[in-house]
Amino acid sequence: PLHLTAPCMAVLFVATPDKVQELFRTPRLTSGGLLPRFLVCDPGARPVPLDADAAAMNYTLAGDVSQPYEAAIFAAINRYRFCDADDPDEIDVTPAARRLIVEDWNRFCKVSNGTEDLPFEARHTENAIRLALVLHVYRHVEMKQSGEATYNARMCAHENRVDEQTIGDALRIRDWFTLHQEELRTPQRARADDDAWDKAEAMLRDRAATFGITARDLYNGRRVCRDAAAAERLLTLWVSEGRLISFERKPEGAGRPTTAYRLARGGRD
């Protein structure tokens with residue numbers, strides 16, 4: 001085994017959307033929390049036509065634009081990453097900023113229901129905090145120009161607290177990435193629903209049509225889904241698609257009738 005005392009890894013994947021969708025269809029990568037920690041987006045890049053008669057284009061940024069960024073990036077790494085591990089700089093948040101973070105997390109807790117979205121939603125607040133830290137670091141930089149296209153940067157983030165505006169901006173950026181993440185995860189949800197149907201259909205074919213299945217049959221022991229809400233969603237979907245028919249199943253003895261479901265025309269037909 002190789003032990004890393006101060007690991008620091010940043011990953012940038014540039015891939016076609018279909019390859020990213022394949023990653024999101026892999027439960028081992030999604031349920032374990034790896035992919036939920038990534039900020040993903042589909043920029044909708046399209047081919048750009050070229051003009052054979054046009055002069056060669058210069059894609060180099062002007063020095064007075066690129067050099068301040070470069071100076072700030074290296075200053076931030078030297079100050080906050082390559083710092084003394086025994087005496088790190090601490091960056092605090094204002095009470096108003098902390099309330100925004102807590103409110104965002106509490107909204108997740110309120111709607112958390114154990115579905116396949118849980119590993120992703122559980123990281124939303126964490127990702128927003130990371131974005132806020134980056135915004136805060138680069139909002140508090142003292143920049144001095146010492147020559148033509150030569151800049152020196154001093155980091156002051158640790159001398160200031162993260163404020164409410166920075167947290168709000170980070171949440172908006174997080175939400176933008178979340179929208180892209182939701183689109184890229186569409187195939188993952190479709191596959192989860194297909195797997196659930198395969199299990200429910202097999203269960204129905206093992207039973208008499210007069211008996212059928214109920215919502216409880218789907219989530220008891222998590223045979224098909226996690227809870228009653230997920231079971232109701234799936235049953236409503238399958239009825240609307242014409243895969244199932246609902247009927248009242250009368251108990252053998254005393255008791256109220258139960259809403260049950262049977263296959264309609266052989267299920268998928």
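### Examining the overall build of the protein chain
Okay, step 1: Counting its secondary structure elements, the protein chain contains 10 helices and 4 strands.
Okay, step 2: The helix and strand sequence of the protein chain, counted from the amino end, reads α-α-α-α-α-α-β-β-α-α-α-α-β-β.
Okay, step 3: At 27 Å, the protein chain has a C-alpha radius of gyration far larger than the 18 Å of a compact globule built from 269 residues.
Okay, step 4: In terms of overall dimensions, the protein chain has a C-alpha envelope of 90 × 60 × 45 Å along the principal axes.
Okay, step 5: Counting only residues that meet the buried cut, the protein chain has 30% of its 269 residues in that class.
Okay, step 6: Considering only contacts within the protein chain whose residues lie at least 6 apart along the sequence, 65% involve residues at least 24 apart.

### What about the pattern of salt bridges?
Okay, step 1: Counted under the stated rule, the structure contains 17 salt bridges.
Okay, step 2: Ionic pairing is found between Asp89 and Arg79, a salt bridge with its closest N-O pair at 2.8 Å. Remark: Arg79 occurs in helix 3 (residues 63-81) and Asp89 occurs in the loop between helix 3 and helix 4 (95-111); sequence separation between them is 10 residues.
Okay, step 3: Residue classification places Arg79 among the partly exposed positions, given a relative accessible area of 35%.
Okay, step 4: As a salt-bridge pair, Arg205 and Glu201 come within 3.2 Å of each other at their nearest N and O atoms. Placement of both Arg205 and Glu201 in helix 8 (residues 186-205) is noted, with a separation of 4 residues, approximately one turn of the helix.

### Let's talk about the nonpolar core
Okay, step 1: By size, the foremost hydrophobic cluster in this structure holds 17 residues, and its most contacted members are Ile213, Leu218, Leu235, Trp238 and Leu244.
Okay, step 2: Contributing elements (two or more residues each) for this core: helix 8, helix 9 (215-219) and helix 10 (228-240).
Okay, step 3: Not counting residues up to four positions away in its chain, the partners in contact with Leu244 are Trp197, Leu204, Leu235, Trp238, Val239, Tyr261, Arg262, Leu263 and Ala264.
Okay, step 4: Of all hydrophobic cores here, the second largest spans 10 residues; its members include Ala132, Val162, Ile167 and Ala170.

### Here's the deal with the packing of aromatic side chains
Okay, step 1: Scanning the entire structure with this criterion turns up 4 aromatic pairs.
Okay, step 2: With a centroid separation of 5.9 Å and an interplanar angle of 45°, the aromatic rings of Phe24 and Phe120 are classed as tilted. Taken together, the residues span a long stretch of sequence, with Phe24 in helix 1 (residues 17-24) and Phe120 in helix 5 (residues 118-121) at a distance of 96 residues. A single burial state applies to Phe24 and to Phe120, both of which are buried.
Okay, step 3: For the ring pair Trp176 and Phe177, a centre distance of 5.0 Å and an interplane angle of 80° mean the geometry is edge-to-face.
Okay, step 4: What makes Trp176 partly exposed here is its relative accessible area of 43%.
Okay, step 5: The ring centre of Trp197 lies 4.9 Å from the NZ or CZ of Arg243, which sits over that ring.
Okay, step 6: In this structure, Arg249 is placed above the aromatic ring of Phe211, and the distance from its NZ or CZ to the ring centre is 4.0 Å.

### Description of the pairing of strand 1 (residues 141-147)
Okay, step 1: Bridge count between strand 1 and strand 2 (residues 150-155): 6 bridges; the pairing is antiparallel. Paired with Val141 across the bridge in strand 2 is Met155.
Okay, step 2: The antiparallel hairpin formed by strand 1 and strand 2 contains 2 residues in its connecting segment, where Ala149 sits at a positive phi of about 55°.

### Description of helix 7 (residues 164-184)
Okay, step 1: Between its first and last C-alpha atoms helix 7 spans 30 Å; for 21 residues at 1.5 Å apiece the expected length is 30 Å, and the two agree.
Okay, step 2: Burial in helix 7 covers these residues: Thr166, Ile167, Gly168, Asp169, Ala170, Leu171, Arg174, Phe177, Thr178, His180, Gln181 and Leu184.

Calculation notes
- Residues numbered from 1 in each chain as written.
- Predicted model: local features only at pLDDT ≥ 70, side-chain atom pairs only at ≥ 80, totals over all residues.
- Heavy atoms only, no water.
- Helix = DSSP H or I, 4+ residues; strand = E, 2+ residues; numbered from the N terminus.
- Rg over C-alpha atoms; globule rule 2.2 N^0.38 Å.
- Buried < 20%, exposed > 50% of the residue type's maximum accessible area, 1.4 Å probe, protein only.
- Contact = heavy atoms within 4.5 Å.
- Salt bridge = Lys/Arg side-chain N within 4 Å of Asp/Glu carboxyl O.
- Core = buried A, V, L, I, M, F, W, Y, C linked by side-chain atoms within 4.5 Å.
- Phe/Tyr/Trp six-rings, centres within 6.5 Å; stacked < 30°, edge-to-face > 60°.
- Lys NZ or Arg CZ within 6 Å of the ring centre and 35° of its normal.
- Pairing = 2+ DSSP bridges.
- Expected span 1.5 Å × (residues − 1).

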